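Here are the chains, one letter per residue:
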Amino acid sequence: MDERVIVRFAPSPTGYLHIGGARTAIYNWLYAKKMGGKFILRIEDTDAERSTQESIMGILDGLKWLGIEWDVGPYFQSEYIEEHKTAAQKLLDSGAAYKCFCTKEKLDQKREQARQEKRDTKYDGTCRDLTPEQIAGKETRELPFVIRLKVPQDGGSVTFEDKVYGFIEKRHEDIEDFVIVRSNGQPLYVLSNTVDDIHDGITHILRGQDGLANTPKQILIYRALNAKIPQFSHMSLTLDTKKAKISKRKHGEIVAVDFYRKHGFLPWAFVNFLVLLGWSTSESTQIFTKDELIEAFSFEGLNKSNSIFDVRKDDPKFFTDPKAISINSHYIRNLPIEDIFPFVKMELKKAGKWDTSFDGDKREWFLNTMDLIRSRFNFTTDFVTLGRAYFSNDFPINEKALKKNILKHKTLKDWFPMLANTLEAVKIFNLETSEQVIRDLAEKHEIKAGILINGIRTAVTGQAVGPGLFDVLVAIGQERVVARLRKATDYFE
Ligand code: GLU
């Protein structure tokens, strides 16, 4: 029987959750779900100087927002340092590692000399074969030492099959006896990360491409500890339209998952988008429910070629990715309205435009209105900006719409109050009656219905476009429509 799949996401909490990290987490989570396995969240906080509590909170919040749930953790690498040290001792005891007493000055000097003579600059193995007596002698003098892994000198190599990058081979002679414990006793990341993965029984490692260079060294540690080597996969890079690596320095906030939350993305839409950034199926489908994605996902679909994230050419800090936007708007326009409700509620709350009746006696009206206006929306924030007039009397008017649909037609100054009076007199205010009244008026006074319709739309919603006007009027309601038309004469002042 196959062993149970155990995967992990192991972020270093030195910044916010960025899109690359989120992708790593999502792929691992999907794989665990698909295989009925376990997904561990391990915070790699051993770099005490760069790790922050704020970053840890940001990572956890970001994952929760995305809906990525871990089965185990979060646990913290720093709590397992003793275990990393024990592993180093085990390697010393078995002769797979050795103490190196070379001073930094001596090493720098040798490296410089090798560089000048155009020789290999890797560690020359001075301490590799010290006798027990020599070691004891140095220890009695309390000379500081690092611990290095003894890379076999057998002409062999480390090989592995990366699920994305394929067969990889690194000759032992090209790997120096690398340090696994510093002279202050602190284990190095390459050791801690490996020991944790062994401890956690990780079966599949899928991580960012930067892990690829470390993998041969880590495999040497697995071998030296007689541990089972997991399956490795490394994700390709994400580049911008100009082929620059996506980075905080160059792209600012748009590399952070939080940016998309604030921007009005639905979490699942963003997950759907991120997954497609570097993974594909043979089918042309772009929209996946959670179950569909779990079903479809495999490491084989991960692309070796780098993925492209669209940003504005003249300003790389400006997010424009059309695929991200189209996926989000698909969800905004098609999900059951109840599923979007909590997000719109949150946006309205943030904007100070939430009314408890929207979740009380006006709930049905609220949901119907959301449904009516969403067909042109891309983001949850659009409900508060473009859709504000439906939920609040305090809404901005689009300047262009004002000029084109109101100010250009001076006669509207007289028509607005007249329309207001007529609409106010309507007994049963619905689609048919509101349309009837407006069309009759236009006909009687020989004005183009279009001018009235556009003028009214702009006066009551502040926008030039939107759903059919009569639907709009019914959604906003007789009383508010009348009041807004009366007030619209002010625009001519
Ligand atoms: N802590 C590493 C990082 O955040 C992860 C390395 C790994 O997944 O093995 O880049």
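Further up the page is the structure itself.
What counts as what
Residues numbered from 1 in each chain as written. Predicted model: local features only at pLDDT ≥ 70, side-chain atom pairs only at ≥ 80, totals over all residues. Heavy atoms only, no water. Pairing = 2+ DSSP bridges. Helix = DSSP H or I, 4+ residues; strand = E, 2+ residues; numbered from the N terminus. Right-handed = clockwise from strand over helix to strand, strands pointing away. Near = heavy atom within 4 Å. Polar contact = N/O pair within 3.5 Å; in protein donor to acceptor, adjacent residues only side chain to side chain. Areas by Shrake-Rupley, 256 points an atom, 1.4 Å probe, with all protein chains shown as cover. Nonpolar A, V, L, I, M, F, W, Y, C, P; charged D, E, K, R; others polar. Buried < 20%, exposed > 50% of the residue type's maximum accessible area, 1.4 Å probe, protein only. Contact = heavy atoms within 4.5 Å. Axes fitted to C-alpha atoms, helices over the stretch in contact; angles between N-to-C directions. Core = buried A, V, L, I, M, F, W, Y, C linked by side-chain atoms within 4.5 Å.

A.B. asks: Describe in detail the pairing of strand S10 (residues 231-234), supporting the description with residues and values.
C.D. replies: Looking down a regular strand, the side chains alternate between one sheet face and the other. Relative to S10, strand S9 (residues 204-207) runs parallel, the two being bridged by 4 bridges. Within S10, the residue paired with Arg207 across the bridge is His234. In this region the chain leaves S9, passes through helix H7 (residues 215-224) and returns to the parallel neighbour S10; the handedness of that crossover is right-handed.

A.B. asks: Summarise the site of the ligand; cite the residues concerned and give the values.
C.D. replies: Lining the immediate surroundings of the ligand are Arg8, Ala10, Pro11, Ser12, Glu44, Tyr189, Asn193 and Arg207. At 2.6 Å, a side-chain N or O of Arg8 approaches an oxygen atom of the ligand. At 2.7 Å, a backbone N or O of Ala10 approaches a nitrogen atom of the ligand. If the ligand stood free it would expose 300 Å²; the protein chains cover 75% of that surface. Taken together, the residues of the shell around the ligand break down into 3 nonpolar, 2 polar and 3 charged.

A.B. asks: Describe helix H20 (residues 469-476), naming the residues involved and giving the relevant values.
C.D. replies: The buried fraction of H20 is high, at 6 of 8 residues. Against helix H14 (363-373), helix H15 (388-391), helix H18 (431-444), helix H19 (449-461) and helix H21 (478-488) lie the buried residues of H20. Positioned one or two residues after H20, Gly477 has a phi angle of 95 degrees, which is positive.

A.B. asks: Can you break down the sheet that holds strand S4 (residues 97-100) residue by residue, with the values?
C.D. replies: In spatial order, the strands read S4-S5-S8; together these 3 strands make up an open sheet with antiparallel pairing. Of all the strands in the sheet, just S4 and strand S8 (179-181) have a single pairing partner and so form its edges. Strand-to-strand twist in this sheet, taken as the mean axis angle between neighbours without regard to direction, amounts to 45 degrees. Set on the sheet, helix H3 (residues 81-93) makes contact with S4, strand S5 (146-149) and S8; between it and S4 the angle comes to about 95 degrees.

A.B. asks: Any details on the environment of Lys217? Residues and values, ideally.
C.D. replies: When you line up the elements, Lys217 lands in helix H7. Lys217 gets classed as partly exposed once you look at its relative accessible area, which sits at 28%. For the pair Lys217 and Val426, spaced 209 residues apart in sequence, the C-alpha separation works out to 81 Å. If we ignore the near neighbours within four places in the chain, the residues touching Lys217 are Ile175, Phe178 and Val190.

A.B. asks: Let's hear about the pairing of strand S3 (residues 72-76): which residues, and what values?
C.D. replies: With 3 bridges connecting them, strand S2 (residues 38-43) and S3 associate as parallel partners. In the sheet register, Ile43 faces S3, and the bridge partner there is Phe76. At this point the chain moves from S2, through helix H2 (residues 53-66), to the parallel S3, and the crossover so formed is right-handed.

A.B. asks: Pulling in residues and values, what's your account of the side chain of Arg374?
C.D. replies: Assignment of secondary structure puts Arg374 in the loop between H14 and H15. Judged by relative accessible area, which is 8%, Arg374 ranks as buried. Separated by 3.5 Å, the side chain of Arg374 and the backbone oxygen of Arg333 make a polar contact. Once residues within four sequence positions are removed from consideration, Arg374 is found in contact with Ile332, Arg333, Asn334, Leu335, Ile337, Ile340 and Phe383.

A.B. asks: Account for the environment of Gly450, with residues named and values stated.
C.D. replies: Along the chain, the position of Gly450 falls in helix H19. Given the relative accessible area of 37%, Gly450 is considered partly exposed. Sequence spacing of Gly450 and Asn405 is 45 residues, and the spatial spacing of their C-alpha atoms is 9.7 Å.

A.B. asks: Let's hear about the sheet that holds S3: which residues, and what values?
C.D. replies: Spatial ordering of the open sheet is given by S1-S2-S3, a layout of 3 strands whose pairing is parallel. Bordering the open sheet on either side are strand S1 (6-9) and S3, each of which pairs with just one other strand. Across the sheet, the mean angle from the axis of one strand to that of its neighbour is 25 degrees, orientation sign disregarded. Where helix H1 (residues 19-35) meets the sheet, its contacts fall on S1 and S2, and the angle it forms with S1 comes to roughly 160 degrees.

A.B. asks: Could you give me a rundown of the environment of Leu407, with the residues and numbers involved?
C.D. replies: Along the chain, Leu407 turns up in helix H16 (residues 399-407). Once the C-alpha coordinates of Leu407 and Gly301 are considered, the two residues, 106 residues apart in sequence, prove to be 56 Å apart. If near-sequence neighbours (up to four positions away) are discounted, Leu407 is found in contact with Leu402, Tyr491 and Phe492.

A.B. asks: Got a sec to walk through the nonpolar core? Specific residues and values, please.
C.D. replies: Nonpolar side chains tend toward joint burial in soluble globular proteins. Residues Ile180, Phe270, Phe309, Met370 and Leu485 are the most contacted members of the largest nonpolar core, which totals 140 residues. Looking at this core, the element that brings in the most residues is H1, giving 9 residues. Setting aside its immediate chain neighbours within four residues, Met370 contacts Ile337, Ile340, Phe341, Val344, Phe383 and Phe391. Membership of the second largest hydrophobic core comes to 9 residues, among which are Cys100, Cys102, Cys127 and Leu130.

Honestly, that's just the spatial picture; any functional story needs more than this.
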